[in-house]
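# Observations on the model geometry
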Amino acid sequence: MQPLFLYNTLTRKKEEFKALNPPFVGMYVCGPTVYSDVHLGNCRTFMSFDIIYRYLTHLGYKVRYVRNITDAGHLESDADVGEDKISKKAKLQQLEPMEIVQTYTVDFHNVMKQFNALPPSIEPTATGHILEQQEITEAIIKKGLAYEVNGTVYFDVEKFAKDHNYTALTGRKLEELLENTRDLDGQGDKRGRLDFALWIKAKPEHLMQWSSQWGKGFPGWHIECSAMSTKYLGEQFDIHGGGMDLQPTHHTNEIAQNIAYCGKQPCNYWMHTNMLTVEGQKMSKSLGNSFLPHELFSGNHPKLNRGYSPMCVRFFMMQTHYRSTLDFSNEALQASEKGFERLMESYKTLQSLTASTSSSEDIKALEAKCYEAMNDDFNTPVLIANLFEAVRIINSSNDKKTTLTQADIDLLKKMYQNFLFDVMGLKLEDENNKTTEVLGKVVEMVLDIRNKAKADKNFALSDEVRNKLAAAGVEVKDGKEGSTWKI
RNA sequence: GGUCCUGUGGCCGAGCGGCUAGGCAGAGCUCUGCAAAAGCUUGUACAGCGGUUCGAAUCCGCUCGGGACCUCCA
């Protein structure tokens, strides 16, 4: 297996990936909270990990990819006075909390399918693992690293930090965190300012609550990931991922919980994806500057000139490295769309290339560069740059300006299959249905007639036909060996 | 306020001590009845000011922008 390097947030550098138990790989990614529509920022993270999942699989690893669904509801503030998001929405719409969960889970799956993201191997829900969360909470209390006050259980961060590095993931200093944490309401029961809840006492009106030895309540915000990753991937696994915004609080606390529970770091590699921005600002639900995926597809949004297909958006995202911020704009989207079309067009051209006895291009070297790019922390922008080199070669061979042997043509086909379709998860947009089939025949017939006009040098008529077809959305291109067209 | 990240040609976006990124847009050429497509050629970019070095977009310092986290968020 070829060496793969990835950036580990824990060590803040690129490291060679070594699976704990090859060829098996355990990967956990923090999934969405299903209390409203997924927005593009979520999608970007999941698409980045989709590529990572696909590439690991391509390299021959047997990956168990676990991505949770947070359906138990998180508090609105880091204190036990908030109301959980899911039940808030539920009251608003007069729906059962699980009805909200169901609606948005289905919506989430639909969107990810449109983006051609593979489903994870296991997609566990927080509400399905209440017992596991309670067990871990209890175990942490027994270790003396958590305490119960009035039905709420808190993790004792300062006590934990005496024997362990609480801030390993961020590299911050504990003292600074203690000094800089803002004063928040409702922190009265906590012993330390950094302490966080493992189990929260529910008020009677709280819709989502479960029985526990500490009374009626619901799990804290970080414990679900510890519970589910441990259950499905073991106490230690290979990769843990999520958005960068989860790093300082959610993931830091998750590590603390795992170490408190079983004495081990949950995983060797922590990977974080960067944020999506709109006009320079983080796209976020709370800022209200997010587009919904369907708004992007339809173009039905004040900030968008028109719609962009899911594959175009996926390609657009792949043109930026997962650890860089990605800014959304119409111009950038349009530029990507053109590039994407050219790339996909070249795949069709590749199918009809004629072989020569020798090659004027080094396809093997190009393939090696593609692997090199992906092995360097999943550098999809560089991979795409290499694929555009392949586009140039294919087009130029089609123009008879370069030559390729059959073996090289086959290798190019393999590269497209491997990198474009299997690893990047792009696909040709669907054009196969009866209407287009009939339309194809009609266009061919019109072009036949037009060719007769051309043969008679009746260019006025042939141009008129071409213009009218163009107006109807059919683009005609005249080549040496006849005309081609596309919609 | 604290901690950290970031600033690349008209736009997007890689690179992160010496070697072409790439895409989109623009210009020229080839091909073509014309057009389109495609190919080829073309851009003397690295916020500013200092410093380290034989050599810096890439390392260090300062200044000025932008952003993230510190509070639920992918």
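What you see is a predicted model; the values in this text were computed from it and never measured.

About the thresholds
Each chain carries its own residue numbering, running from 1 in the direction its sequence is written. Note on labels: chains are lettered from A, ligands numbered from 1, in written order. Only residues with pLDDT of 70 or above have their local features reported here, since the model is predicted, and side-chain atom pairs are shown and tallied only from 80 upward, although totals for entire chains, interfaces and linings are computed over all residues. Only runs of H or I of at least four residues qualify as helices and only runs of E of at least two qualify as strands under DSSP, and these elements are numbered from the N terminus. As a rule, residues whose C-beta atom has 12 or fewer other C-beta atoms within 10 Å are exposed, those with 20 or more are buried, and those in between are partly exposed; C-beta atoms are placed from the backbone. Once C-beta atoms are placed from the backbone, any two residues with those atoms within 7 Å are in contact. For the purposes of this analysis, a nonpolar core is taken to be any set of buried Ala, Val, Leu, Ile, Met, Phe, Trp, Tyr and Cys residues that are connected through C-beta atoms within 7 Å. Just so you know, the domain bounds were taken from an automatic or database domain assignment. Orientation is described by axes fitted as lines to C-alpha atoms, over the contacting stretch for helices, and by angles from 0 to 180 degrees between their N-to-C directions. Oblique is the label for any angle not under 35 degrees, not over 145, and not in the 65 to 115 range, which are roughly parallel, roughly antiparallel and roughly perpendicular in turn. Should the near helix be turned anticlockwise from the far one by less than a right angle, the crossing is termed left-handed; should it be turned clockwise, right-handed. By the convention adopted, Pro, Cys, Tyr, Trp, Phe, Met, Ile, Leu, Val and Ala count as nonpolar, Lys, Arg, Asp and Glu as charged, and the other residues, Gly among them, as polar. Here, a strand pair is defined by DSSP locating no fewer than two bridges between the strands. Helix span is expected to be 1.5 Å times the residue number reduced by one. Picture the helix axis, draw a direction to every C-beta atom, and the arc is the one those directions span.

Tallying secondary structure elements over chain A gives 16 helices and 15 strands in all. Dimensions of chain A, computed from the C-alpha atoms along their principal axes, are close to 95 × 50 × 35 Å. A buried classification covers 40% of the 487 residues belonging to chain A. Nonlocal contacts in chain A, meaning residues at least 24 apart in sequence, comprise 73% of its contacts between residues at least 6 apart.

Counting 114 residues, the largest nonpolar core has Ile140, Phe155 and Leu198 as the members making the most contacts within it. Shared between two domains, this core takes at least three residues from each, and those domains are domain 1 (5-273) and domain 2 (306-423). Among all residues touching Phe155, those that are not within four sequence positions of it are Ile140, Leu145, Ala146, Asp195, Phe196, Leu198, Ala256 and Gln257.

It is at 8 Å that the axes of helix H12 (residues 363-375) and helix H13 (residues 380-398) come closest, and there the two elements cross at 165 degrees. Classified by the angle their axes make, H12 and H13 are roughly antiparallel. The chirality of how H12 crosses H13 is left-handed. Here H12 contributes Leu366, Lys369, Cys370, Ala373 and Met374 to the contact with H13, which in turn contributes Val382, Leu383, Asn386, Glu389 and Ala390. Broken down by class, the residue content of the contact of H12 with H13 amounts to 7 nonpolar, 1 polar and 2 charged.

Before going further, it helps to examine the sheet that holds strand E8 (residues 217-219). In space, the 4 strands of this open sheet follow the order E5-E6-E7-E8, with antiparallel pairing throughout. Two strands lie at the open edges of the sheet, namely strand E5 (146-149) and E8, each paired on one side alone. Averaged over all pairs of adjacent strands, the angle between their axes in this sheet comes to 20 degrees, without regard to strand direction. When strand E7 (residues 196-201) meets E8, the two strands line up antiparallel, connected through 3 bridges. Bridge pairing in E8 links Trp199 to Pro219. Helix-sheet contacts for helix H4 (residues 130-142) involve E5, strand E6 (152-155), E7 and E8, and the interaxial angle to E5 is about 105 degrees.

It is worth spelling out the pairing of E5 at this point. Bridge analysis of E5 against E6 gives 4 bridges, and the strand direction is antiparallel. Looking at the pairing, Tyr147 lines up with Tyr154 of E6. Counting the residues between successive antiparallel strands, the hairpin from E5 to E6 contains 2 residues, one of them, Asn150, with a positive phi of roughly 50 degrees.

Here chain A is described as being made up of domain 1 (5-273), domain 2 (306-423) and domain 3 (434-486). Of note, the centres of domain 2 and domain 3, computed from C-alpha atoms alone, are 29 Å apart.

Take the sheet that holds strand E12 (residues 281-282) next. Pairing is mixed in the open sheet, where 3 strands are placed in the order E12-E11-E13. Either end of the sheet is taken by a strand with one partner, and the two such strands are E12 and strand E13 (326-328). With 2 bridges connecting them, strand E11 (residues 276-278) and E12 associate as antiparallel partners. Bridge pairing in E12 places Thr277 opposite Lys282.

Turning our attention to unusual backbone geometry. Omega for the peptide link from Pro22 to Pro23 comes to 5 degrees, which places this bond in the cis form. With respect to the helices and strands, the residue Pro23 is situated in the loop between strand E2 (13-16) and strand E3 (24-29). Positive phi, close to 55 degrees, is recorded for Asp377, a residue that is not glycine. For Asp377, a count of 20 C-beta atoms within 10 Å gives the class buried.

Spanning 19 residues, H13 covers 26 Å between terminal C-alpha atoms, matching the ideal 27 Å at 1.5 Å per step. All of the buried residues in H13 are Thr380, Leu383, Ile384, Asn386, Leu387, Ala390, Ile393, Ile394 and Ser397. One side of H13 holds all its buried residues, which, seen down the axis, span an arc of 165 degrees. On its buried face, H13 sits against helix H1 (40-58), helix H10 (310-318), helix H11 (330-351), H12 and helix H14 (406-423). Backbone geometry just after H13 places Lys400 at a positive phi near 65 degrees.

Attention now goes to the environment of Val465. Secondary-structure assignment places Val465 in helix H16 (residues 459-471). Classification of Val465 as partly exposed rests on a count of 18 C-beta atoms within 10 Å. Spatially, the C-alpha atom of Val465 lies 8.3 Å from that of Leu447, the residues being 18 residues apart in sequence. Among all residues touching Val465, those that are not within four sequence positions of it are Val446 and Arg450.

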